[in-house]
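Chain residues, written in single-letter form:
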Amino acid sequence: MNFRSATLDNGLEIVAECNDTAHSLGLGFFVRTGARDEIDEIAGVSHFLEHMAFKGTRRRSAEDVNRDFDEIGAHYNAFTSEENTVYYASVLPEYQEACIDLLADILRPSLREEDFDLEKNVILEEIQMYADQPPFGMDDRVKEIHFQRHPIARSVLGTVDSIGALRVDQMRDYFAARYSPRNVFVAAAGRVDFDALVRQVNERCGGWAPLDVGREAPPAASRTGFELVARESSTQQYILQLADGPSSEDADRYAAKVLCTILGDDSGSRLYWTLVDPGLAETAHLSHYEYQGVGMLFTWLACAPGDAVANYEKLMEVYRAAEAHGVTDVELRQAKSKVKARVVLGSERPRNRLFSVGGNWMQRREYRSVANDLATLDAVTLDDVHAVLARRPLTRCSTVTIGPLTQFNAQA
Amino acid sequence: MAEPAPSAESAAFTLLTPCGCSNDPPDRLGLAGMLCDLTLRGAGPRDSRALIDDLENLGVERGESVGISQTSFSGATLADNLHDALTIYADIVQRPRLPSDQLEAARLVCLQEIRGVEDEPAQKLMDELRRRAYPDPWGRASHGAEAGVMAAAIDDVRRMWTRFYRPNGAILGIAGKVDWESLVDHVETHFGAWKTVEPPASAQETPVDASPHIDFEGNQCHIGIAFPSVPYRDENYLQAWAAVGVLSGGMSSRLFTEVREKRGLCYSISASLHTQLSRARVLCYAGTTVERAQETLDVTFAELLRLRQGVEQAELERLKARIKSGLIMQQESTSARSGSIARDWYHLGRVRSLDELGAMVDALTAQSINQYLDEHPPADFTFATLGPQPLALPAAA
């Protein structure tokens, strides 16, 4: 296992964790752009653009792109988040160059108007699909309540209105401003031929014109709120809760992962024993999400409407008790063994390592090996966990609940 | 069965017990699910809390699921913890406490799952499609029905455990960093005394008669189409699987190209070959807004009919490339491998190595697939739609 990195003359960086014992490799183009870099007029453009990358280039039609990926047996996809857009593929080592050729090509898409108009339908379908399934768009809503107009609260999908009104020239402008080689990097993991990779990327991306790209990262001032949204046709009641968490630069983030495991893992956590094991809730869990300058501790609870108020009170009681009395050494050790096993299990697939290598580079321009992560987790103490609870209380949160209930009279 | 992978740090297991939702008594639909939940609420020397805590301390990433014919207990952890984890699972299947004071909690967990599906239209549609496409009990959804879960008593649960959690028909598949000799000793010690039970007579099949449309309030209409195919153990399985791969494997496949890429009709579209031991169906899904639903159904159905005309060599070559890289990548996950090993044994009574499977894929030709399609053209379609209004179903149905 060894880490390699290189930078092209135009600023495009290439990072890789090379592992000669792997059978395959994962390759990805990571673009530092997402919903937080949009304004209202173009809400959802990052994600729409991600779709458009597959709709053809100067050298390839949309059908060529799909066919060429399939011909090399690639397992490939792309995703867009609040702050990045990632195009990735897993392939066998003999297809490294063919795969780079494709990924680099689609990072310079044609953005033709007729493709834009057709793909708009697919995006609108995707929005409608999510609107029909839990949490019915409320993940965006709770962010809006908590972070208000902060860019991190922007919706990745956009709305039916913003996508409906979007024009292709707006997307072309956004693309020109954001997909500069200084704002894109290539990550790889697994059986990578690194020297060849640098050459292959340089041949295809070395001519991309560099352009300085920035990102507004204002400090996140959160406030709290509570909102009930009635949805008669829903069967279950859903509660989504957001509290501040450590950001991606914050050393507390490992302790926050351990804290989430203790309080809100899917199995064996305090929420599990309080709500899921007794059958009071279908699911109840707490997760940590880290972004540039902002972090989130996100609670998700689904249950029968009749139990929702009582479950909400129990949830808040779990958080209050943790803040008042802390967690135990036994819980800490159990959580650590669980998280460490997950790190090791997840590291076996090059594709997973790709996201780890790419994510660390995206957020901190650093490389962290599996051994680094395990050592850092091992070093987390009870004091560290308690410090997270003290600095970012889970009870200081915004809540949205959606479901059949028309009133929600909680004491908590 | 175990497949050692010396370079892995982990080991994974899949333990299949011959207790599926097809074994649920008709008035206790969901019983196998309740039993599965209750087996984890204390077993052998451990009560509910100790059992989960010990598995967590061993770092076991676990999952349980009830299928049509089996309950699957699977887990993966650091290789050194495998034996300790298996010791606990030996208790879970052979000595569950099935505590009556936890019955209500298990019942509630199962009811939550049933209610949860009501909010997941795509899953609900596919449950309904399977129920219509297979004769009962083979199309059942594992979560059962509210009435069955409500009616279940602790004696029903215990009776089901006594009859269906048995070593004859149980399969343990393991992959990862394991030492075969010591593993066999360990499994012998902990599972060797498990008493066999005479398997019950096979189930009576009853045709299901249900209207294709299910009313559902929402923005989208969900469309399901099924047709019969051949099961995993059939000599033609790979031909059938490849034909479905041409329909829906990769983004250059026919359904994705025709329905989504060329016409922009939907976001989700797929087809897969769903196999049981003795029967199989191809299941197609598309989800789209109401205005585009009829066209989506018509275009999707036309592609199923077009399959009768055969597949092209170029389509097959792409499919082979995908399958082969998929097989190689499967070696990189001990969990995926342990599951495949156990399922192979269930369907074939032996395990196919990845090399053998690779050779079989190499041997596929457009001619062999087309011959299969000539003899088994897609026909006898079953439809299910879920949405605000019914659609016009093709006459060929």
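Quick summary incoming for the structure in this document.

What counts, and where the lines are drawn
- Residues numbered from 1 in each chain as written.
- Chains lettered and ligands numbered in written order.
- Predicted model: local features only at pLDDT ≥ 70, side-chain atom pairs only at ≥ 80, totals over all residues.
- Heavy atoms only, no water.
- Pairing = 2+ DSSP bridges.
- Helix = DSSP H or I, 4+ residues; strand = E, 2+ residues; numbered from the N terminus.
- Axes fitted to C-alpha atoms, helices over the stretch in contact; angles between N-to-C directions.
- Contact = heavy atoms within 4.5 Å.
- Buried < 20%, exposed > 50% of the residue type's maximum accessible area, 1.4 Å probe, protein only.
- Lys, Arg positive; Asp, Glu negative; His and termini not counted.
- Salt bridge = Lys/Arg side-chain N within 4 Å of Asp/Glu carboxyl O.
- Buried area = accessible area lost by both parts, 1.4 Å probe.
- Polar contact = N/O pair within 3.5 Å; in protein donor to acceptor, adjacent residues only side chain to side chain.
- Nonpolar A, V, L, I, M, F, W, Y, C, P; charged D, E, K, R; others polar.
- Parallel < 35°, antiparallel > 145°, perpendicular 65-115°, else oblique.

**Overview of the sheet that holds strand β3 (residues 25-31) of chain A**
The strands that make up a sheet are held in pairs by hydrogen bonds between backbone atoms, and each pair lies either parallel or antiparallel.
All names here are of chain A.
Part 1 of the argument: Strand order in the open sheet made by the six strands is β1-β2-β6-β3-β5-β4, with mixed pairing throughout. Strands at the two margins of the open sheet, each flanked by one partner only, are β1 (2-7) and β4 (75-80). Between one strand and the next, the sheet's axes are offset by a mean angle of 15°, whatever the strand orientation.
Part 2 of the argument: Examined bridge by bridge, β1 and strand β2 (residues 13-18) share six bridges and lie antiparallel to one another. Of the residues in β2, the one forming a bridge with Phe3 is Glu17.
Part 3 of the argument: Helix α3 (residues 96-106) contacts β3, β5 (85-91) and β6 (184-190) of the sheet and is inclined by roughly 15° relative to β3.

**Considerations on the side chain of Asp132(A)**
Part 1 of the argument: By the element assignment, Asp132(A) lies in the loop between α4 (113-131) and α5 (138-147).
Part 2 of the argument: Buried Asp132(A), no salt bridge; nearest opposite-charge side chain is Arg231(A), N-O distance 4.2 Å.

**Things to note about the interface of chain B and chain A**
Part 1 of the argument: Contacts between the two partners involve 64 residues from chain B, matched on the other side by 62 residues from chain A.
Part 2 of the argument: For the pair chain B and chain A, the summed buried area comes to about 5300 Å², and 52% of that belongs to carbon and sulfur atoms.
Part 3 of the argument: For the pair chain B and chain A, the number of links is seven salt bridges.
Part 4 of the argument: Between Arg41(B) and Asp277(A) there is a salt bridge, with the nearest N and O atoms lying 3.1 Å from each other.
Part 5 of the argument: Our count for the chain B to chain A interface comes out at 38 residue pairs in polar contact (both at pLDDT 80 or more).
Part 6 of the argument: Each residue belonging to the side of chain B that touches chain A can be placed in one class, and the counts come to 17 nonpolar, 27 polar and 20 charged.

**Notes on the packing of helix α9 (residues 237-248) of chain B against helix α10 (residues 254-261) of chain B**
All names here are of chain B.
Part 1 of the argument: One can describe the packing of α9 onto α10 by two numbers: an axis separation of 4 Å at closest approach and a directional angle of 25°. In this view, α9 runs roughly parallel relative to α10, as classed from their interaxial angle. In this structure, α9 uses Val246, Leu247 and Ser248 to contact α10, whose residues at the interface are Arg254, Leu255 and Phe256.
Part 2 of the argument: Of the residues contributing to the contact of α9 with α10, the split by class is four nonpolar, one polar and one charged.

**Re the sheet that holds strand β7 (residues 171-176) of chain B**
Residues and elements named next belong to chain B.
Part 1 of the argument: Strand order in the open sheet formed by five strands is β1-β7-β2-β6-β5, with mixed pairing between adjacent strands. Edge positions in the sheet fall to β1 (2-4) and β5 (61-66), since each of these pairs with one other strand and no more. Looking at each pair of strands side by side, their axes are set apart by 10° on average, direction ignored.
Part 2 of the argument: Packed onto the sheet, helix α13 (residues 334-348) meets β1, β2 (10-17), β6 (71-78) and β7 and runs at close to 150° relative to β7.

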